[in-house]
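Below, each chain spelled out in residue letters.
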Amino acid sequence: MAGSKTYYLTTPIYYVNDVPHIGHAYTTLACDALARFMRLDGYEVKFLTGTDEHGQKVEKSAQAAGVAPQAFTDRVSQNFRDLVRVMNFSNDDFIRTTEPRHVEAVQALWTRLLENGAIYLGAYAGWYSVRDEAFYGEDELTDGPDGRKIAPTGAECEWVEEPSYFFRLSAWQDRLLAHYEAHPDFILPPGRRNEVISFVKSGLKDLSISRTAFSWGIPVPGDDKHIMYVWLDALTNYITAVGYPNTAEGSDYARYWPADLHMVGKDILRFHAVYWPAFLMAAGLEPPRRVFAHGWWTIEGQKMSKSLGNVIAPESLVTTYGLDQTRYFLLREVAFGKDGDFSHAAMVQRINSELANGYGNLVQRSLSMIGKNCGGAVPEPQPFTAADETLLAAAHGLLGAVRAEMREQAFHRALDAIWRVVDDANRYIDEQAPWALKKTDPARMGTVLYVLAETIRHLAIMTQPVMPESSARILDQLGQGADARGFDRLGPAGALKPGTPLPAPQGVFPRYVEETKS
RNA sequence: GGCAGCGUAGCUCAGUGGUAGAGCAGGGGAAUCAUAAUCCCUUGGUCGGGGGUUCAAAUCCCUCCGCUGCUACCA
């Protein structure tokens, strides 16, 4: 409904020269889980991802491939659109920086910055590495053979001097610090916030925001020898997607901006937490509400790298372990924000212990008893006992607990809270022993099974953001249609109706069994 | 080098002044509805070393050792 509460969140736009790997999948997955959560919680959500397609590296790669840059990016950006399907992401838009709407937005922003006196023409000179797309300071370089300068990354550098437009970043130091001070949750986690603050306090230099050495980019309005520096181009995507420069009342911009969350990897935090808010403020626009920098994955204890050959493609995880299993593991295994390690053993542990034995088996043992002993329909409960009320209260309390964790992007703690109720329910079954009640007190058995079904209903509704498909299958088995799965159905008001026929239960989370060598 | 942070049970970590905790792993037992899943009990740490403040320190201060992050334009 119009005028309802909105939530706008974004992933970085991914550089098309990269092949999608677990890191990309992770960033977007975190946003996806949050987007799904907010939708279920009644928000009008806009969830944006996309690809960053300009820059010298892309231009060179296209040349090497013997195709025009646009044709090249059309091809490689498809890898990231495919990732959306592989991981079951629910983004509402997929932006590409080569789209006309983006060119228009970036040029409009540039013009606005120029009008506001935030941009001036100067000259940039320094040692430049084409491979790294970066300038290096004299002190960072080492001498290579035949007197060439070598960057710390091992790339060769050349001396480049070119006219360049500059953004007056130096003018924004105090206002940025004031903004961090006034909005303690603008940068998360707190450790990263401190790093950004100390960086800004150490002094800001003006930023070179145009290039003349290559042409694959968005032309500077009125001076098309220049193209815009990749970060000004890339960051602007976040307002392109809400229709900038149309900021009129009733526009998407008016509805969704400022963004509630920019999710980023820790390596690009500075661009989002320093440059981007400065660009926006200089243009008279509001900065985003939050930038969250998450950590990196190592693989079996080792840094992920092409040379080690241990880069993990999301498809291979999904094929090996299952889609929802992969989604669950990535969000459960590490404290969101910290670095984590991906290992086969840890993955199997989580799948078997928490999904198959904990959650899946709870559902299976409960529903199969209902199937066999209650005529395949939701049983009629008698008045609840204290034990029943305790378990139901835990289930009813989940939304509040999980919502608090999701607000801080603490996905691991949100899942932990849900699993405490899974464990409560497994304890409850053993204590109530409905298989014994079957002979002594069938009516009481029905009540116990009703309480279990109702608890499972809450669990399945709550696990939808992280495991959409599996949760849907559980809700199917509880006879809960698509209109009965929002958070507004949690609590007694949405409780299962006795007599509702239920389909025969089927296992949702199979155990992971190692293939034995033959 | 500078600034910041971390070092707690075999593993991953929570705990920031008042009798050392969780999950997993290990050991013992119960149950048999269920994906041989579940439940109960339990072994295990001089909280990196040393010094100090305090009636009391994993928790505050100093110092040493080890590790990590940031220090300008790479998810």
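In this text, all values refer to a predicted model and were calculated from it rather than measured experimentally.

S.K.: Just checking my understanding: could you explain the protein's contact with RNA strand B for this structure?
M.R.: With respect to spatial proximity, 42 residues lie near RNA strand B, and among them Tyr124, Tyr229, Asp267, Ile268 and Arg270 are the closest. For RNA strand B, the fraction of protein-proximal atoms (within 4 Å) that sit in sugar or phosphate groups is 64%. The contact in question runs from a base nitrogen of RNA strand B to an N or O atom on the side chain of Tyr275, over 3.3 Å. Contact between RNA strand B and Gly360: a base oxygen at 3.2 Å from a main-chain N or O atom of the residue.

S.K.: What is the right way to read helix 1 (residues 22-40) from this model?
M.R.: For an α-helix, the turn length of 3.6 residues means that residues three or four places apart are oriented alike. Taking 1.5 Å per residue, 19 residues should reach 27 Å; helix 1 reaches 26 Å between its end C-alpha atoms and fits that length. Most of helix 1 is tucked away, with 18 of its 19 residues classed as buried. Once helix 1 ends, the next one or two residues include Gly42, with phi positive near 95°.

S.K.: What is the right way to look at unusual backbone geometry in this model?
M.R.: Outside of glycine, negative phi angles account for most residues, and trans bonds account for most peptide bonds. Between Leu188 and Pro189 the backbone carries a cis peptide bond, its omega angle lying at -5°. The step from Tyr244 to Pro245 runs through a cis peptide bond, and the omega angle for that step is 15°. Relative to the helices and strands, Pro245 resides in the loop between helix 8 (237-240) and helix 9 (252-256). Unlike most non-glycine residues, Asn88 shows phi in positive territory, near 60°. As for its position among the elements, Asn88 is in the loop between helix 3 (69-87) and strand 3 (93-96). Of note, the phi angle at Glu300 is positive, near 50°, even though the residue is not glycine. Locating Glu300 in the fold gives a position in the loop between strand 16 (297-299) and strand 17 (302-303). By relative accessible area, which is 49% here, Glu300 ends up partly exposed.

S.K.: Can you walk me through the environment of Thr463 in this structure?
M.R.: Mapped onto the secondary structure, Thr463 falls in helix 18 (residues 442-463). For the pair Thr463 and Ala33, spaced 430 residues apart in sequence, the C-alpha to C-alpha distance is 9.5 Å. Setting aside its immediate chain neighbours within four residues, Thr463 contacts Tyr359, Ile418, Trp419, Pro468 and Ser471.

S.K.: Would you mind showing me how to read the pattern of salt bridges here?
M.R.: Side chains bearing opposite charge may pair, as long as their charged atoms lie close to each other. Using the criterion set out here, one finds 26 salt bridges in the structure. Across the pair Lys46 and Asp93 runs a salt bridge whose closest N-O atoms are separated by 3.9 Å. Taken as a pair, Lys46 in strand 2 (residues 44-52) and Asp93 in strand 3 lie far apart in primary sequence, 47 residues in all. Considered together, Lys46 and Asp93 belong to a single accessibility category, that of buried residues.

S.K.: Could you clarify how one ought to interpret the packing of helix 15 (residues 398-407) against helix 16 (residues 411-432) in this entry?
M.R.: Close contact between helix 15 and helix 16 brings their axes to 7 Å; oriented N to C, the two are set at 165°. Taken together, helix 15 and helix 16 sit at an angle that is classed as roughly antiparallel. For the pair helix 15 and helix 16, the sense of crossing is right-handed. Of the residues in helix 16, those touching helix 15 at Leu398, Ala401, Val402, Glu405 and Met406 are Phe411, Arg413, Ala414, Ala417, Ile418 and Val421.

S.K.: Explain the packing of aromatic side chains to me, please; I cannot follow it from the model alone.
M.R.: By the definition in use, this model includes 28 aromatic pairs. Consider the rings of Tyr26 and Phe336, whose centres lie 5.6 Å apart with planes at 55°: the pair is tilted. Taken together, the residues Tyr26 in helix 1 and Phe336 in the loop between helix 12 (323-332) and strand 18 (340-342) connect sequence positions 310 residues apart. For the pair Tyr26 and Phe336, one class covers both residues: buried. Relative to Tyr253, the ring of Tyr244 lies with its centre 6.2 Å away and its plane at 50°, an arrangement referred to as tilted. A relative accessible area of 9% places Tyr253 in the buried class. Here the basic side chain of Arg211 rests over the ring of Tyr124, its NZ or CZ set 5.8 Å away from the ring centre.

Definitions and limits used
Residues numbered from 1 in each chain as written. Chains lettered and ligands numbered in written order. Predicted model: local features only at pLDDT ≥ 70, side-chain atom pairs only at ≥ 80, totals over all residues. Heavy atoms only, no water. Near = heavy atom within 4 Å. Polar contact = N/O pair within 3.5 Å; in protein donor to acceptor, adjacent residues only side chain to side chain. Helix = DSSP H or I, 4+ residues; strand = E, 2+ residues; numbered from the N terminus. Expected span 1.5 Å × (residues − 1). Buried < 20%, exposed > 50% of the residue type's maximum accessible area, 1.4 Å probe, protein only. Contact = heavy atoms within 4.5 Å. Salt bridge = Lys/Arg side-chain N within 4 Å of Asp/Glu carboxyl O. Axes fitted to C-alpha atoms, helices over the stretch in contact; angles between N-to-C directions. Parallel < 35°, antiparallel > 145°, perpendicular 65-115°, else oblique. Left-handed = near helix turned anticlockwise from the far one by under 90°. Phe/Tyr/Trp six-rings, centres within 6.5 Å; stacked < 30°, edge-to-face > 60°. Lys NZ or Arg CZ within 6 Å of the ring centre and 35° of its normal.

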